[in-house]
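Summary of structural features
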Amino acid sequence: MRGPHINTDYLKLFQEFESGLNGKGRGPLHERRIEGIKEFAQTGFPSTGQEDWRFTDVSPIARAQFRNVARADQGALDKNTVRNLVADEKHPRLVFENGHFREDLSQLPQNSGITVKNLLRATGEHPERLEAYAAQLAPVTLNGFVALNTAFMYDGAFIDIADSVVMDSPLYVVYYSTKVDGQAAVFPRNLIILGRHAQATVVEHYVSSDEHRYFNNSVSEIYQDQSSLLNHVKIQHESASAYHTELTHVQQQRNSVYKSHVFSFGSRLARSDIQAQLNGEGAETVLNGLSLSSGRSLVDHHTLIDHAAAHSSSRELYKGILDGKAKAVFSGKIHVRQQAQKTDAKQSNENLLLSQNAVVDTKPQLEIFADDVRCTHGSTVGQMDKDGLFYLRSRGLSLAAARNLMIRAFAGEITEQIQNNQERQALERLVDSKLSKGHLQ
């Protein structure tokens, strides 16, 4: 059994980071940073000896030498590139390049009751909100990646929606990675707060300028008050040489609805963790995911839905499409506490293999401590349906066209869940581009 990977380079990086804070190294937020680096110094990165990581070897990240570039000079990103990343250039957006806020490329909403700004600015302008909410949900003890992100917590998205306020257009949070001297490590930190009856759509987009190696380690904390609704779309479309890890932790109150749509289209290793805690009766969680992977990429999705109150519900559907020697991991757990009677939960993981060399490890799980529930789970792994291919070819389609049509139909069950027409069409074009030559690339 392998032990934890502790890279002492990060301890030195933290000393440099701390010394450069220039007056921002005091207060509760920095105390949480110190907790993070102390935890990382003890536990390091996860190892395959840990159950939650036994199918995902992160030693390439642990061995690599990255540098924190969150405040480095920028300039490679321009307006035309940003326009291509948002479905409508009129939509509000926060834009970051290598973790550094690009105010000149951002467009903030001016609506009353909607506070959107970068986390660094919010730290000075809304200290009471940061002290009450930041680094409260995602414990540094969860794993080394969360501890490291907390240690280097500096900038990201701050979104605060007041009671009964409805955002009438999607808000984009764009994290763009450009090539810099050395290998970059970026630690985005997002905080989203929705008041009672508030509604919003947030699109998180991680993308890179070209095929270069870097490390993107993100954490998002989301608080939803009673009867609030959040549509949360995450698009991970990065360099095939990049490493991407992220945790999204959601806390839901009575009758709130959280809808997550995760799309993984790139990187050498991508690990996504979503944890949703349903604390109030009538709360609802919907988790959808789609990954397209090829070559030697590894995509790992871990989810935990914690039903902590009665009459709550959850629906979860993750799909993977694999080609080449790609590997996919899915581990989903539905936990139903004793007091969570009348829980209604359904979980499914479906995988389509386009290659004999692709591998899937899938582990759907139920932990039920209540006696009056309706819960189901299941998983499938299979190759292209030969009868379906034969039928389509008998109607005059080429083999490549028939394969792509079936793949699009398989993926369409996830993309069609996006309610915004422009965003859904943009995602469908992205899927089409991955299949443009009849195979993933």
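Look up: the structure comes first, before these words.
In this report, the structure presented in the accompanying data block is examined. (Residues numbered from 1 in each chain as written. Predicted model: local features only at pLDDT ≥ 70, side-chain atom pairs only at ≥ 80, totals over all residues. Heavy atoms only, no water.)

In this structure, the largest pocket encloses a volume near 460 Å³. Of all the secondary structure elements, the ones that give two or more residues to the lining of the largest pocket are β14 (269-278), β16 (298-307), β18 (327-336) and β20 (359-368). In the lining of the largest pocket, the residues fall into seven nonpolar, ten polar and nine charged. (1 Å grid on protein atoms, 1.4 Å probe; cavity = no way out; pocket = protein on both sides within 12 Å on 5 of 7 lines; lining within 4 Å. Points joined across faces, edges and corners; volume = space filled by probe spheres on them. Helix = DSSP H or I, 4+ residues; strand = E, 2+ residues; numbered from the N terminus. Nonpolar A, V, L, I, M, F, W, Y, C, P; charged D, E, K, R; others polar.)

Our focus in this paragraph is the sheet that holds strand β2 (residues 93-97). Strand order across the open sheet formed by ten strands is β3-β2-β6-β9-β11-β13-β15-β17-β19-β21, with mixed pairing between neighbours. At either margin of the open sheet sits one strand with a lone partner, and together these are β3 (100-101) and β21 (374-383). One ladder, built from five bridges, connects β2 with strand β6 (residues 171-177); its direction is parallel. By the bridge assignment for β6, Glu97 is matched with Tyr176. (Pairing = 2+ DSSP bridges.)

What follows deals with helix α9 (residues 399-415). Its 17 residues place the ends of α9 24 Å apart at the C-alpha level, agreeing with the 24 Å of an ideal helix rising 1.5 Å per residue. All buried positions along α9 are accounted for by Ala402, Asn404, Met406, Ile407, Phe410, Ala411, Gly412, Ile414 and Thr415. (Expected span 1.5 Å × (residues − 1). Buried < 20%, exposed > 50% of the residue type's maximum accessible area, 1.4 Å probe, protein only.)

Attention now goes to the pattern of salt bridges. This structure, assessed with the given rule, holds 23 salt bridges. For Glu125, the salt bridge goes to Arg121, with nearest N and O atoms at 2.7 Å. Of the two residues, Glu125 and Arg121 are both situated in helix α5 (residues 119-125); the distance of four residues between them amounts to about one turn of the helix. Exposure remark for Arg121: the relative accessible area of 41% places this residue in the partly exposed category. A salt bridge links Lys327 to Asp361, with the shortest nitrogen-to-oxygen separation between them at 3.7 Å. Taken together, the positions of Lys327 in strand β18 and Asp361 in strand β20 put the pair 34 residues apart, joining distant regions of the chain. Taken together, the shared-partner salt bridges in this structure form one network comprising Glu51, Arg54 and Lys363. (Salt bridge = Lys/Arg side-chain N within 4 Å of Asp/Glu carboxyl O.)

Generally speaking, a soluble globular protein has its nonpolar side chains buried in company with each other. Counting residues in hydrophobic clusters, the biggest one holds 35 residues, and the most contacted among them are Ile235, Phe263, Phe265, Leu290, Ile321, Ile407 and Val431. Excluding residues within four positions of it along the chain, Ile407 makes contact with Ile321, Leu352, Leu354, Met384 and Leu435. Met167, Leu194, Val262 and Leu278 belong to the second largest nonpolar core, which has 32 residues in total. (Core = buried A, V, L, I, M, F, W, Y, C linked by side-chain atoms within 4.5 Å. Contact = heavy atoms within 4.5 Å.)

Time to look at the packing of helix α8 (residues 386-394) against α9. Running from amino to carboxyl end, α8 crosses α9 at an angle of 125°, the nearest separation of the two axes being 9 Å. Classified by the angle their axes make, α8 and α9 are oblique. Two packed elements cross with a definite hand, and for α8 against α9 that hand is right-handed. Here α8 contributes Gly388, Leu389, Leu392 and Arg393 to the contact with α9, which in turn contributes Leu399, Ala402, Arg403, Leu405 and Met406. Grouping the constituent residues of the contact of α8 with α9 by class yields six nonpolar, one polar and two charged. (Axes fitted to C-alpha atoms, helices over the stretch in contact; angles between N-to-C directions. Parallel < 35°, antiparallel > 145°, perpendicular 65-115°, else oblique. Left-handed = near helix turned anticlockwise from the far one by under 90°.)

Before going further, it helps to spend a moment on the packing of aromatic side chains. Scanning the entire structure with this criterion turns up 20 aromatic pairs. Ring geometry for Phe14 versus Phe17: centroids 6.2 Å apart, planes at 45°, classification tilted. Linking Phe14 with Phe17, this pair stays in helix α1 (residues 9-19), spanning three residues, or about one helical turn. For the pair Phe14 and Phe17, a shared accessibility class is recorded, and that class is buried. Measuring from centroid to centroid gives 6.1 Å for Phe145 and Phe215, while their planes differ by 70°, and the two rings are edge-to-face. Placement of the pair is Phe145 in helix α7 (residues 144-151) and Phe215 in strand β10 (residues 214-224), with a sequence separation of 70 residues. There is no split in this pair, since Phe145 and Phe215 are both buried. In this structure, Lys319 is placed above the aromatic ring of Phe410, and the distance from its NZ or CZ to the ring centre is 4.3 Å. (Phe/Tyr/Trp six-rings, centres within 6.5 Å; stacked < 30°, edge-to-face > 60°. Lys NZ or Arg CZ within 6 Å of the ring centre and 35° of its normal.)

Looking at α1, one finds that the buried residues are Tyr10, Leu13, Phe14 and Phe17. All buried residues of α1 project into a common sector of 105° when viewed along the axis, lining one side. In α1, those exposed residues whose orientation departs by more than 90 degrees from the buried face are Lys12, Gln15, Glu16 and Ser19. The secondary structure elements touched by the buried residues of α1 are α2 (28-43), α3 (59-63), β1 (67-68), α7 and β10. (Arc of directions from axis to C-beta.)

As a further point, take the side chain of Thr303. Mapped onto the elements of the fold, Thr303 is located in strand β16. Thr303 sits in the buried class, given a relative accessible area of 6%. Engagement of the side chain of Thr303 in a polar contact is seen with the side chain of Glu316, the distance being 2.4 Å. The residues touching Thr303, leaving out its near neighbours within four places in the chain, are Ile274, Leu287, Glu316, Tyr318, Phe330, Ser331, Gly332, Lys333 and Gln347. (Polar contact = N/O pair within 3.5 Å; in protein donor to acceptor, adjacent residues only side chain to side chain.)

So, about the environment of Asn349. Along the chain, the position of Asn349 falls in strand β19 (residues 344-353). Separated by 231 residues in the primary sequence, Asn349 and Asn118 place their C-alpha atoms 35 Å from one another. Excluding anything up to four places from it in sequence, Asn349 contacts Tyr318, Phe330, Thr362, Gly378, Ser379 and Thr380. At 3.1 Å, the side chain of Asn349 and the backbone oxygen of Tyr318 are in polar contact.

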